[in-house]
Amino acid sequence: MKVCVIGGAGYIGSHAVYELIRDGHEVVVIDNLSTGKKEMVHKDAKFYLGDITIAENLKEIFKQECEIKPFDVVMHFAAKLIVPESVEQPLEYYYNNVEGVRIMLSVMKDFNIKNVVFSSTAAVYGEPEKEICEETDRTNPINPYGETKLASEKLIKWVCERYNMNYCIFRYFNVAGADESLEIGLNKDNLTHIVPVTVQTALGIRDKMIVFGNDYDTKDGTCVRDYIHVSDLAYAHVLGAKYLVNNNKSLLVNLGSNEGYSVLEIIKEVEKYYKVNYEIGERRAGDPAKLIASNNKAKELLGWTPKRNLSDIIKSDINYRIKIKD
Ligand code: UDP
């Protein structure tokens, strides 16, 4: 397959590129490097500096590439994804996340590219009504980030229906860890996600961390999430792309593990290796108490299940942070 990876210099996008290249595909990366880094792009991928919120920019790249050989699949990773930041900056989030998708789809339609793989999120479920989220559950986001992803999902569905295209929408749960080569990983300033924050605290990169609330209705009062290794998640994109090309049919699936861990359990897992200096603080805006995925549909349609567990995820993040520390 020839695959265009928009946002391929970012954390999840770069891991998808690695998995695509390992599986023998041709990869073209488009990234505006707003949060991504050029050195995260695999050396065998072709790189374009481009911004999908600028239609002319995207058209120019598609023209150049599709004249050589059209893309079989376009993957979209170019979203802003920090929940508290989205509460602070709703206008920026809608513009980047929804308008970016609209422009991407419009350029895909113009170039007659039929297949799109889209990164969505568990945040579309909001506060789930059931213990474990299934894809058919009602969606009701409780923060702007989740709203922009749900709006994008709906836009993709309508456009694919109208123009005879196929979508593979993945609803990610909590992603962490790094590629086993340790060449790529989550390497940004001001990280906010729980796994890297805990590991950075353990390694002394931060003095202490705050657990945002311990009065939730969960096993120990702290929020419960479903954690998945980034390489497992990335590999699902290879399977999703093949599914679209081979079946000419759309799908929407959760990518999670069927298991939930609390914030304190994450800290405990890291504390198997290092002491973590933490304090209990106030709840954070926009946090649902519990988000766990059913991954039965991913298993059934794609033959996908995560190969790595929480212990692997934590070890992987520790190894990566030690590597980039110096
Ligand atoms: N969390 C925390 N302290 C931190 C960062 C996160 O207690 O420094 C909690 C957060 O409130 C949430 C869970 O960890 O309950 C997962 O948050 P994260 O930002 O990693 O992912 P999200 O689920 O928001 O996408």
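Above this text you will find the structure in question.
Residues numbered from 1 in each chain as written. Predicted model: local features only at pLDDT ≥ 70, side-chain atom pairs only at ≥ 80, totals over all residues. Heavy atoms only, no water.

A. Region of the structure containing the packing of aromatic side chains. For the structure shown, the criterion picks out three aromatic pairs. Here Y125 and F173 contribute two aromatic rings whose centre-to-centre distance is 6.3 Å and whose plane-to-plane angle is 35°, an arrangement assigned as tilted. Taken together, the residues span a long stretch of sequence, with Y125 in the loop between β5 (115–121) and α5 (144–163) and F173 in the loop between β6 (166–172) and β7 (174–176) at a distance of 48 residues. Following the ring pairs from residue to residue traces out a cluster consisting of F62, F71 and F111. The positively charged end of K109 is found above the aromatic ring belonging to Y163, 5.1 Å away from the centroid. In this structure, R283 packs its charged tip against the face of Y216, placed 3.9 Å from the ring centre. (Phe/Tyr/Trp six-rings, centres within 6.5 Å; stacked < 30°, edge-to-face > 60°. Helix = DSSP H or I, 4+ residues; strand = E, 2+ residues; numbered from the N terminus. Lys NZ or Arg CZ within 6 Å of the ring centre and 35° of its normal.)

B. Spotlight on the pairing of β6. Counting buried positions along β6 gives seven out of seven residues, so the element sits mostly inside the fold. On β6, burial covers both faces: N166, C168, F170 and Y172 on one face and Y167, I169 and R171 on the other are all buried. One ladder, built from seven bridges, connects β5 with β6; its direction is parallel. Paired with V117 across the bridge in β6 is C168. One crossover worth recording links β5 to the parallel β6 by way of α5, and it is right-handed. Examined bridge by bridge, β6 and strand β11 (residues 251–255) share five bridges and lie parallel to one another. Within β11, the position partnered with Y172 by the bridge is L255. (Buried < 20%, exposed > 50% of the residue type's maximum accessible area, 1.4 Å probe, protein only. Pairing = 2+ DSSP bridges. Right-handed = clockwise from strand over helix to strand, strands pointing away.)

C. Quick look at the environment of K242. Looking at the element boundaries, K242 is found in helix α7 (residues 230–247). Sequence separation of K242 and K188 is 54 residues, and the distance between their C-alpha atoms is 31 Å. Setting aside its immediate chain neighbours within four residues, K242 contacts M1, D23 and H25. Side chain to side chain, K242 and D23 meet in a polar contact 2.7 Å long. (Contact = heavy atoms within 4.5 Å. Polar contact = N/O pair within 3.5 Å; in protein donor to acceptor, adjacent residues only side chain to side chain.)

D. Fine view of the site of the ligand. Close to the ligand lie 14 residues, the nearest being I194, I210, F212, R225 and D287. One of the backbone N or O atoms of F212 is found 2.8 Å from an oxygen atom in the ligand. Here an oxygen atom of the ligand and a side-chain polar atom of R225 are 2.8 Å apart. Against a free-state accessible area of 520 Å², the protein chains account for coverage of 90% of the ligand. Every element with two or more residues in the shell around the ligand is listed here: α6 (194–202) and β8 (209–212). At three residues, β8 tops the list of elements feeding residues into the shell around the ligand. Residues that form the shell around the ligand fall into these classes: eight nonpolar, three polar and three charged. (Near = heavy atom within 4 Å. Areas by Shrake-Rupley, 256 points an atom, 1.4 Å probe, with all protein chains shown as cover. Nonpolar A, V, L, I, M, F, W, Y, C, P; charged D, E, K, R; others polar.)

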